[in-house]
Amino acid sequence: MNKLFFCLAMSWACASAVMAEDFQTNGKNNTYNFQTLAGIENSGVFKSGNTYVVKGTCTISQGDHFKIDEGAVVAFTDNARLVIQGTADLTTSLPTTLTKYGGASSCIGISVQNDAVTEVENLNFEYVGLQGNTTAGMNVRSCHFSNHNGSISAALSLGADGATFYISDCTFDHCQKAAIGGAANYSCPTTIERCTFTHNSQANGNVPQLNLTAASHVTVSECTVEGDPSLTMVGGIAIANWFGYSGMKATVDHCLIKDNRYGITTMGIMDVDIIGNELIGNNHETNPDNGGSGISLYDPYLQQKAVITANRIEGNLWGITVIGCGDVNIGKTEVAEDADDYNPGMNVFKDNGNRDVLYDIYNNSTNKVYAQGNLWNVAQQDEKSIEEVVFHKNDNPSLGEVVFMPAGDPAAIHSAHAQRPADTRIFNMQGVQVGTGSYEALPRGLYIVNGKKIAR
């Protein structure tokens, strides 16, 4: 009996200690930052040297406001997080770093759970993440996410249902799970522009670097998505509509997507435009039957509509694979230029294949797929030659036809692709843009240029 009483008493004491680490503000229209929280007894925030340390869960209540500290360093212990239910200003002019405390491996970071659009700028997330559980959404600019520990589903997680996210000029590298991800059953309109993603999803699960789900619109534009060749399960960009959200529009344009398990995959009912991208060397799937496409279109409901224009698709296990879907237009030049379904094609295919066979397009559907006006991986752009790199009805009568003649004009297509604008933006290691063009005039240090770490 004494032993039982002792165990119960110890359990109560431990529970009380954990509860004591949880703190909530009073919601009386006060403004807080980490400095003011550190001055409140039992807030779970204290200062150690020049670092603010967060233990347990510290909650800014609805009715209160939180303003991030300029240039501070904030460290989180295991399972610790700052929850913001009130309004928040998470923008700084000086880079502010949020990181782990000591050897912590399950620290969470910041969780926004309010009903107001939250501005986030110039924050450096190391090992911890940002949860956007807001019903309004977030604008996230010039932030750096690195080495996220996988304590939540993505370094930047999207939600709740209906929230709109705009993410620009950010960098994500070496995160354990996805860099950006949302719940399959939540609709979060998302725009991602001019961001760099490098070697994310390090846990090597079946999770892409960008794991995006159903919404009225999902746009990924002018981004670099570079995979880690040692990871065989990690794709580049996946956009899925598993719950049949109606009216979904997805766009991936002018991105460099390379060295992933696959480049872009779209799953479910949606209208998708894939325009002006470079999809290079997405071939790290160990079994070609399971993936490795530059672009993979999948829809068992036969309602996905895709327009694919002016992409360079090179060195993937498959160029483009079509599984199910409704209307796939990879080039349609036989109609007038002002027709709704006109598409100049202008895609370039090179060295896509596996098991010593080249596959520019694999039509694994019963649909007729138009693919006119493109440059194929053959010496002569004639019907007999192109037939060798296209798998369709002529190879398996149960499949749909790929209409690939006429091919494109090689000189015109090469000229158009040569005019792609170069990305001249220069970032520091906190993901903040510090210049454009040449980095030679910048102070000595490490910079990110075109997704690469450069020493000055």
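So, here is what we can say about the structure in this document.

Calculation criteria
Residues numbered from 1 in each chain as written. Predicted model: local features only at pLDDT ≥ 70, side-chain atom pairs only at ≥ 80, totals over all residues. Heavy atoms only, no water. Phe/Tyr/Trp six-rings, centres within 6.5 Å; stacked < 30°, edge-to-face > 60°. Buried < 20%, exposed > 50% of the residue type's maximum accessible area, 1.4 Å probe, protein only. Lys NZ or Arg CZ within 6 Å of the ring centre and 35° of its normal. Helix = DSSP H or I, 4+ residues; strand = E, 2+ residues; numbered from the N terminus. Contact = heavy atoms within 4.5 Å. Salt bridge = Lys/Arg side-chain N within 4 Å of Asp/Glu carboxyl O.

Notes on the packing of aromatic side chains
(1) Moving on: Evaluated as defined, the whole model comprises ten aromatic pairs.
(2) Moving on: Ring plane angle 50° and centroid distance 5.8 Å describe the contact between Tyr359 and Tyr362, whose orientation is recorded as tilted. Pair check on accessibility: Tyr359 and Tyr362 agree, each one buried.
(3) Moving on: Put simply, the rings of Phe125, Phe145, Phe172 and Phe197 pair up and form one aromatic cluster.
(4) Moving on: Lys100 extends its terminal NZ or CZ atom over the ring of Tyr127, reaching a point 4.2 Å from the ring centre.
(5) Moving on: For the cation-ring pair, Lys332 lies above Tyr370, with the distance from its terminal atom to the ring centre recorded as 4.4 Å.

Remarks on the side chain of Thr59
(1) Moving on: Residue placement: Thr59 occurs in strand E5 (residues 57-60).
(2) Moving on: Take Thr59: its relative accessible area is 8%, and that puts it in the buried class.
(3) Moving on: Contacts of Thr59, omitting those with residues within four sequence positions, involve Phe23, Gln24, Thr25, Val83 and Gln85.

Quick look at the pattern of salt bridges
(1) Moving on: On inspection of all chains with the given rule, the structure shows ten salt bridges.
(2) Moving on: Between Asp89 and Lys67 there is a salt bridge, and its shortest N-O distance comes to 4.0 Å. Here Asp89 is found in strand E9 (residues 87-100), whereas its partner Lys67 is found in strand E6 (residues 65-67), with 22 residues between them in sequence.
(3) Moving on: Relative accessible area serves as the criterion here: at 23%, Asp89 is assigned to the partly exposed category.
(4) Moving on: Where Asp169 meets Arg194, a salt bridge forms, and the shortest distance between an N and an O atom there is 3.0 Å. With Asp169 in the loop between strand E16 (164-168) and strand E17 (171-173) and Arg194 in the loop between strand E19 (190-193) and strand E20 (196-198), the pair connects residues that are 25 residues apart, well separated along the chain.
(5) Moving on: Exposure remark for Asp169: the relative accessible area of 10% places this residue in the buried category.
(6) Moving on: The network of salt bridges with shared partners includes Glu119, Glu121 and Arg141.

Some thoughts on the environment of Asn290
(1) Moving on: Inspection of the secondary structure assignment puts Asn290 in the loop between strand E29 (278-280) and strand E30 (293-299).
(2) Moving on: Note on Asn290: relative accessible area 49%, which makes it partly exposed.
(3) Moving on: Sequence separation between Asn290 and Arg261 is 29 residues; the distance between their C-alpha atoms is 9.9 Å.
(4) Moving on: What Asn290 contacts, discounting residues up to four positions off in sequence, is Arg261 and Glu285.

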